[in-house]
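# Structural characterization, general
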Amino acid sequence: MTSAVVIAAPSSGSGKTVVATGLMAALRRAGHGVAPFKVGPDYIDPGYHTLAAGRPGRNLDPVLVGEHLVGPLFAHGSAGADLAVVEGVMGLFDGKVGADGFGSTAHVAGLLGAPVVLVVDTRGHSSSIAALLHGFRTWRPGVRLAGVILNQVGSDRHEAVLRDACEDVGLDVYGVLRRNAAVEVPSRHLGLVTAAEHGPAAVRAVDAMADLVSGGVDLAAIVRLAQSGREFPLWEPEITPVSGSPVVAVAGGPAFTFGYAEHVELIGAAGAEVAVVDPLRDTALPDGTAGIVLPGGFPEQYAAELSANTALRTAVAAAGVPVHAECAGMLYLTRSLDGHPMCGVLPADATMTTRLTLGYRDVVAPHDSVLHPAGTRLTGHEFHRTTVTPAHGDGPAWRWRGGADGFAGPLVHASYVHTHPAASPASVARFVSRCANRSSSAANATPIATHNTA
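Residues numbered from 1 in each chain as written. Predicted model: local features only at pLDDT ≥ 70, side-chain atom pairs only at ≥ 80, totals over all residues. Heavy atoms only, no water.

## What to know about the overall build of the protein
Along the protein, the regular secondary structure elements total 15 helices and 21 strands. Over its C-alpha trace the protein gives a radius of gyration of 23 Å, about what one expects of a compact globule, namely 22 Å for 454 residues. With the C-alpha coordinates of the protein rotated into their principal frame, the extents come out at 75 × 45 × 45 Å. A sequence separation of at least 24 residues applies to 76% of the contacts in the protein between residues at least 6 apart. As presented, the protein carries roughly 17,300 Å² of accessible surface, and 51% of it is formed by carbon and sulfur atoms. In the protein, 31 side chains carry a positive charge and 39 a negative one; their mean positions are 3 Å apart. (Helix = DSSP H or I, 4+ residues; strand = E, 2+ residues; numbered from the N terminus. Rg over C-alpha atoms; globule rule 2.2 N^0.38 Å. Contact = heavy atoms within 4.5 Å. Areas by Shrake-Rupley, 256 points an atom, 1.4 Å probe, with all protein chains shown as cover. Lys, Arg positive; Asp, Glu negative; His and termini not counted. Charge placed at Lys NZ, Arg CZ, Asp CG, Glu CD.)

Set out below in structure tokens:
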């Protein structure tokens, strides 16, 4: 059983990513095996968590996978660690819109039986912070709010006033962090710049976060606080491996960073050999490629570079193998992205816009595809500022109330909707099985582009 502590905040922008990431790195420095987690569907923070903890950052999202899988996925991700740090999402009680806090940090903390430490940006706060903390402590009695970390404290006098306010509410202060620009990480339209893109600067930022937390947070007290937790069964999906070890090429590198760790694990469990390919640099698919996975990311930031790699674009279009593409992956398969030629697999063009499309989607597969049988129902998540024209083919990947999205058929499933593979391991097994079948009949392979719609 791994103990856990949840790092939450009253709202976004309070500094919980800096604190959670710094705490992971600081505890690792102190000799702890730290398992890093993020509440919700976010892909960016787990990249920094991975740098900090030295093991894959993972997501805990009951909206995407169901309440019943949160505990087992936590147990799976924390195996071999002695302490887990869970970074929350948005404000403590913010979850799926209209769902009364379902999927919120408070919800996940309750499912784990873990204590919560609230990171509060104290700029502009004085004694009245007591009222804020009192509200968060009493709003949902089932939430175990153990204490606070005071962030962005301006002076010794400011700290003294804030500590008095916390004492009045009866909340312990686990740390005080002064203002420090060294831990800032560049941001863009969807949040932080990913760790993979930020490169050495991301490593320096994580080190600075660790220094900040080590100097201002009582690490021993955090460890003692986390000594309680629940025991969960390990996540053990029922999946039968195929024979032949078909090679599945998974896009990686700076342009394709949005994926769940469990996806690659499930592909391997289904009997495939995973080979990472970087579309920015690699000019050929891995030898024996029998399937391609194109995850999310920021291809619009690299449109010119992706387009310039004509050799790989041509190889993808001519591969004649099953392809699973989400968001960025779908953009890569279009004819063009902001005027730059892409793979040309899908009869559509993509452009950057100023409008953010964001939210959960309860989707259904309208027909059989390489990934899902008709009627498959899942909850996914959209998070993008691009648009694709047309938005879907004659055989869309998904339909939902009032909408449809993507392209699906015998060889391709491409959509804006991100799903968590742990919610549907049978879909991964179906995909790998199709890859194995394609590998065994490679001599008869045809270009993907002839199979882009049902």
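Having seen the structure, we can now continue with the description.
## Here's the deal with the sheet that holds strand 11 (residues 273-277)
Pairing is mixed across the open sheet formed by six strands, whose spatial order is 11-10-12-13-21-20. Taken across any chain shown, the strands that pair with only one partner, and hence form the sheet edges, are strand 11 and strand 20 (407-408). Taken together, the five bridges between strand 10 (residues 247-251) and strand 11 define a ladder with parallel strand orientation. Among the inter-strand pairings, V247 is bridged to a residue of strand 11, identified as E273. (Pairing = 2+ DSSP bridges.)

## Digging into helix 11 (residues 261-269)
Taken together, the buried positions of helix 11 are E262, H263, L266 and I267. Buried residues of helix 11 fall within an arc of 140° about the axis and therefore sit on the same side. At the exit of helix 11 stands G271, carrying a positive phi of roughly 105°. (Buried < 20%, exposed > 50% of the residue type's maximum accessible area, 1.4 Å probe, protein only. Arc of directions from axis to C-beta.)

## Describing the side chain of T334
Summarising the element assignment, T334 is placed in the loop between helix 14 (328-333) and strand 14 (336-337). A residue is classified by how much of its surface remains accessible, and T334, at 0% relative accessible area, is buried. Those residues in contact with T334 that lie beyond four places of it in its chain are M342, C343, G344, V345, L346, A348, D349 and A350.

## Brief notes about the nonpolar core
Ranked by internal contacts, the top residues of the largest apolar core, which has 97 residues, are L60, L92, L118 and L133. The element that contributes the greatest number of residues to this core is helix 1 (residues 16-29), accounting for seven residues. Ignoring sequence-local partners within four residues, the contact set of L118 consists of A8, A9, P10, L92, L133, F136, L145, G147, V148 and I149. Core analysis: the next-biggest nonpolar cluster, separate from the first, contains 37 residues, A249, Y302, V321 and V323 among them. (Core = buried A, V, L, I, M, F, W, Y, C linked by side-chain atoms within 4.5 Å.)

## Some points on unusual backbone geometry
Of the consecutive residues T389 and P390, the connecting peptide bond is found in the cis state with omega at -5°. Here P390 shows up in the loop between strand 17 (377-389) and strand 18 (398-400). Look at D100: it is not a glycine, yet its phi comes out positive at around 55°. Here D100 lies in the loop between strand 4 (83-87) and helix 5 (105-112). Residue D100 is classed as exposed on the basis of its relative accessible area, which comes to 63%. At S245, a position not held by glycine, the phi torsion is positive, near 50°. Relative to the helices and strands, S245 resides in the loop between helix 10 (219-225) and strand 10.

## Topic: the packing of helix 1 against helix 2 (residues 44-53)
Packing of helix 1 against helix 2 leaves a shortest axis separation of 8 Å and a crossing angle of 20°. It follows that helix 1 is roughly parallel to helix 2 by the angle criterion. As helix 1 runs across helix 2, the sense of the crossing is right-handed. Taking contact as the criterion, the partners of T17, T21, M24, A25 and R28 in helix 1 are, on helix 2, D45, Y48, H49, L51, A52 and A53. Of the residues belonging to the contact of helix 1 with helix 2, the class tally is six nonpolar, three polar and two charged. (Axes fitted to C-alpha atoms, helices over the stretch in contact; angles between N-to-C directions. Parallel < 35°, antiparallel > 145°, perpendicular 65-115°, else oblique. Left-handed = near helix turned anticlockwise from the far one by under 90°. Nonpolar A, V, L, I, M, F, W, Y, C, P; charged D, E, K, R; others polar.)

## Topic: empty space enclosed by the protein
In the structure shown here, the tally under the stated rule is three cavities of 30 Å³ or more. The volume enclosed by the largest cavity comes to roughly 90 Å³. Lining the largest cavity, in full, are H263, H324, L371, H372, L378, T419, H420, P421, S424, S427, V428 and F431. Here the lining of the largest cavity takes three residues from helix 15 (residues 425-440), the largest share from any one element. Partitioning the lining of the largest cavity into residue classes produces five nonpolar, seven polar and no charged. (1 Å grid on protein atoms, 1.4 Å probe; cavity = no way out; pocket = protein on both sides within 12 Å on 5 of 7 lines; lining within 4 Å. Points joined across faces, edges and corners; volume = space filled by probe spheres on them.)

## Comments concerning the sheet that holds strand 5 (residues 116-121)
On the basis of which strands lie adjacent, the open sheet formed by seven strands has the order 3-2-4-1-5-6-7 and parallel pairing. Here the strands that pair on one side only, and so sit at the sheet edges, are strand 3 (58-60) and strand 7 (172-178). Neighbour-to-neighbour, the strand axes of this sheet turn through a mean angle of 25°, independent of strand direction. Pairing of strand 2 (residues 34-39) with strand 3 involves three bridges; the strand directions are parallel. Pairing of F37 across the sheet is with R58, part of strand 3. Helix 6 (residues 129-138) contacts strand 5 and strand 6 (145-153) of the sheet and is inclined by roughly 150° relative to strand 5.

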